[in-house]
Amino acid sequence: MIKTGIIGGSGYTGGELIRILLQHPQAEIDFVYSTTRAGKKVASAHPDLTGETEMEFTGGVNLDIDVVFVCLGHGNSIQFLGDHQFSANTKIIDLSNDFRLQKDAALGGKQFVYGLPELNKEDIQRANRIANPGCFATAIQLALLPLAKANRLGRDVHINALTGSTGAGVRPSETTHFSWRNNNVSWYKPFTHQHLGEIGESLRSLQEDVGELLFLPIRGNFTRGIFATCYTHFSGSEAAAKELYQKFYADAVFTQMAEAPIHLKQVVNTNQCHIHVHKHNDTLLITSAIDNLLKGASGQAVQNMNLMFGLEETMGLRLKAGVY
Ligand SMILES: NC(=O)c1ccc[n+]([C@@H]2O[C@H](COP(=O)([O-])OP(=O)(O)OC[C@H]3O[C@@H](n4cnc5c(N)ncnc54)[C@H](OP(=O)(O)O)[C@@H]3O)[C@@H](O)[C@H]2O)c1
């Protein structure tokens, strides 16, 4: 069994990791570290786990663990890993922004690999450290990578993506307050969202001359999921576009091409990304949908763990959508 540790255990991505790892046939949870809840039951922060585990949060970590998942906010990860020197045998999967860009991808002389399996599977299989992609970044890259691979991303790429409130983490804020968020919709960080950096790096690794990525993030009136619509100029037929996507994702276990237009609930509570393409005149519309806490975070982190340890990629991740 692979011994795992979780840092930031009372947060949303930490909670999702606990739920997945409790069911994983080849992994066990050695510790769930918390700065605020040491000694308290894990179920005190995640009440759905009542009766599923008697584990308590710890105030210390096992530095010789097989793999550690770091589920801290941006800036806190790099500080935590600087303060805690894990053994050379410990694999690290970090869920924050801290190591995703090429300029940030090293710590103590050791390199982080960008953990998007649809782009970097072989590097992930050899990696000891993973920078797990952002949630918007996952949905948007999966929508655009096949076009970039074929050198067919148009000059301007327009992206609108709606996110659920769990994307903002467990700590309440003005825009996650029920009275504000419910029956409401709003955009934020227009054209400047921090995930543009990692999206741009991945796309440029496949197509040199990527133009402007015009990304408008939108707060949705729901708790989980990302629904992204991207459109750009495309000169071929819809059938040619579909073929290009099908070829790119032929071996992808968690990215599926949908025949019919997609909706969010078909992927919520799963590690799947569903993609649909539609052509209108010279414009190609690509829609992608993921669960931000699974394919956009903790599910993808376990997918990466499976690849790093030579396990079947889907192990522990055959989950059930909450369609109705
Ligand atoms: N939410 C998403 O959809 C999503 C998707 C992809 C990536 N991510 C990234 O994953 C990381 C974790 O996200 P999350 O949504 O799980 O966040 P979260 O719900 O806010 O949880 C983060 C946890 O970190 C711990 N923590 C330790 N030191 C902290 C500090 N100085 N300030 C705040 N929290 C501190 C806290 O747990 P303890 O009190 O138990 O220590 C907190 O509950 C972030 O970097 C986020 O950007 C999130």
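In this numbering scheme, every chain counts its residues from 1 along its sequence in written order. Only residues with pLDDT of at least 70 are given local features in this predicted model, and only at 80 or more are side-chain atom pairs given and counted; all residues enter the totals for whole chains, interfaces and linings. Where side-chain values are given, they derive from all heavy atoms of the structure, hydrogens and water being excluded.

A.B. asks: Just checking my understanding: could you explain the site of the ligand for this structure?
C.D. replies: Nearness is defined per residue: one heavy atom within 4 Å of the molecule or strand is enough. In the neighbourhood of the ligand, 26 residues make up the surrounding shell, with Ser 10, Ser 34, Thr 35, Thr 36 and Leu 72 lying closest. Contacts described as polar in this section are N or O atom pairs within 3.5 Å, which, within protein, must combine one atom able to donate a hydrogen with one able to accept it, while residues neighboring in sequence count only if both atoms come from side chains. At 2.7 Å, a side-chain N or O of Ser 10 approaches an oxygen atom of the ligand. Contact between the ligand and Thr 35: an oxygen atom at 2.6 Å from a side-chain N or O atom of the residue. Surface accessibility follows the Shrake-Rupley procedure with a 1.4 Å probe radius. Residue values consider only the protein chains on display as shielding. When the ligand is considered free in solution it has 880 Å² of accessible area, and contact with the protein chains removes 82% of it. Each cavity reported here is a set of points on a 1 Å grid over the protein atoms alone in which a 1.4 Å probe fits but cannot get out, each pocket an open set with protein on both sides within 12 Å along at least five of seven lines, and each lining residue one with an atom within 4 Å of a point. Just a note on the criterion: a molecule sits in a pocket or cavity if more than half of its atoms are within 2 Å of the grid points. Judged by the fraction of its atoms near the pocket grid, the ligand is located in the largest pocket. Secondary structure follows DSSP: runs of H or I at least 4 residues long count as helices, runs of E at least 2 residues long count as strands, and numbering of each begins at the N terminus. At the level of elements, helix H1 (12-23) and helix H9 (294-308) are the ones that each hand at least two residues to the shell around the ligand. Here the shell around the ligand gathers at least three residues from each of two domains, domain 1 (2-132 + 297-308) and domain 2 (135-290). By convention here, the domain bounds are inherited from an automatic or database domain assignment.

A.B. asks: Help me out: how do you make sense of the packing of aromatic side chains in this one?
C.D. replies: What describes a pair of aromatic rings is the distance from one ring centre to the other and the angle between the planes of the rings. Each Phe, Tyr or Trp ring (for Trp, its six-membered ring) is paired with any other whose centre lies within 6.5 Å, and the angle between the two planes then decides the class: stacked below 30 degrees, edge-to-face above 60, tilted in between. One pass over the structure, following the stated rule, counts four aromatic pairs. In this structure, Lys 91 is placed above the aromatic ring of Phe 309, and the distance from its NZ or CZ to the ring centre is 5.4 Å. Whether a charge sits over a ring comes down to the Lys NZ or Arg CZ being within 6 Å of the ring centre and within 35 degrees of the ring normal.

A.B. asks: Would you mind showing me how to read the sheet that holds strand S13 (residues 255-257) here?
C.D. replies: Note on sheets: strands pair through backbone hydrogen bonds, and any given pair is parallel or antiparallel. Pairing within the open sheet is mixed, and its seven strands lie in the order S10-S11-S9-S12-S15-S14-S13. Looking at the sheet topology across the chains shown, the edges are occupied by strand S10 (186-187) and S13. When DSSP finds at least two bridges between two strands, those strands are taken to pair.

A.B. asks: Would you take a moment to explain the domain arrangement of the chain for this structure?
C.D. replies: How big an interface is tends to be reported as the loss of accessible area on association of its parts. Assigned domains of the chain: these are domain 1 (2-132 + 297-308) and domain 2 (135-290). In this structure, domain 1 and domain 2 have C-alpha centres spaced 25 Å apart. Whether two residues are in contact is decided by their heavy atoms, any of which lying within 4.5 Å being enough. The partner domain 2 presents 25 residues to the 16 residues of domain 1 that form the contact. Surface buried jointly by domain 1 and domain 2 totals about 1,600 Å² across both partners, of which 53% is contributed by carbon and sulfur atoms. Per-residue buried area on domain 1 facing domain 2 is highest for Tyr 12, Glu 118 and Leu 119; these three make up 36% of the total on that side. Throughout this description, the term salt bridge denotes a Lys or Arg side-chain nitrogen within 4 Å of a carboxyl oxygen of Asp or Glu. Between domain 1 and domain 2 we count two salt bridges in total. Residues Glu 16 and Arg 224 are paired through a salt bridge, measuring 2.8 Å at the closest nitrogen-oxygen approach. Viewed at the interface, domain 2 and domain 1 are joined by nine residue pairs in polar contact (both at pLDDT 80 or more). Among the secondary structure elements, those contributing two or more residues to the side of domain 1 that touches domain 2 are H1, helix H4 (117-126) and H9. For this scheme, ten residues count as nonpolar: Ala, Val, Leu, Ile, Met, Phe, Trp, Tyr, Cys and Pro. Four count as charged, namely Asp, Glu, Lys and Arg, and the remainder, Gly too, count as polar. Here the residues of the side of domain 1 that touches domain 2 are counted per class, giving five nonpolar, seven polar and four charged. Buried area adds together the accessible area that both of two parts lose upon being put together, with accessible area traced by a 1.4 Å probe.

A.B. asks: Would you mind going over the UniProt feature "active site" (unreviewed entry) in the chain with me for this structure?
C.D. replies: UniProt positions are given in the numbering used here, feature names are shortened, and annotations may be inferred rather than shown by experiment. As annotated in UniProt, the feature "active site" (unreviewed entry) corresponds to Cys 135 in the numbering used here. Residue position: Cys 135 is located in helix H5 (residues 135-149). For Cys 135, a relative accessible area of 15% puts it in the buried group. When neighbours within four sequence positions are excluded, Cys 135 is seen to be in contact with His 195, Ile 226, Ile 290, Asn 292 and Gly 296. Summary of the burial criterion: residues with accessible area below 20% of their type's maximum are buried, those above 50% are exposed, and those between are partly exposed, where the area comes from a 1.4 Å probe applied to protein chains only.

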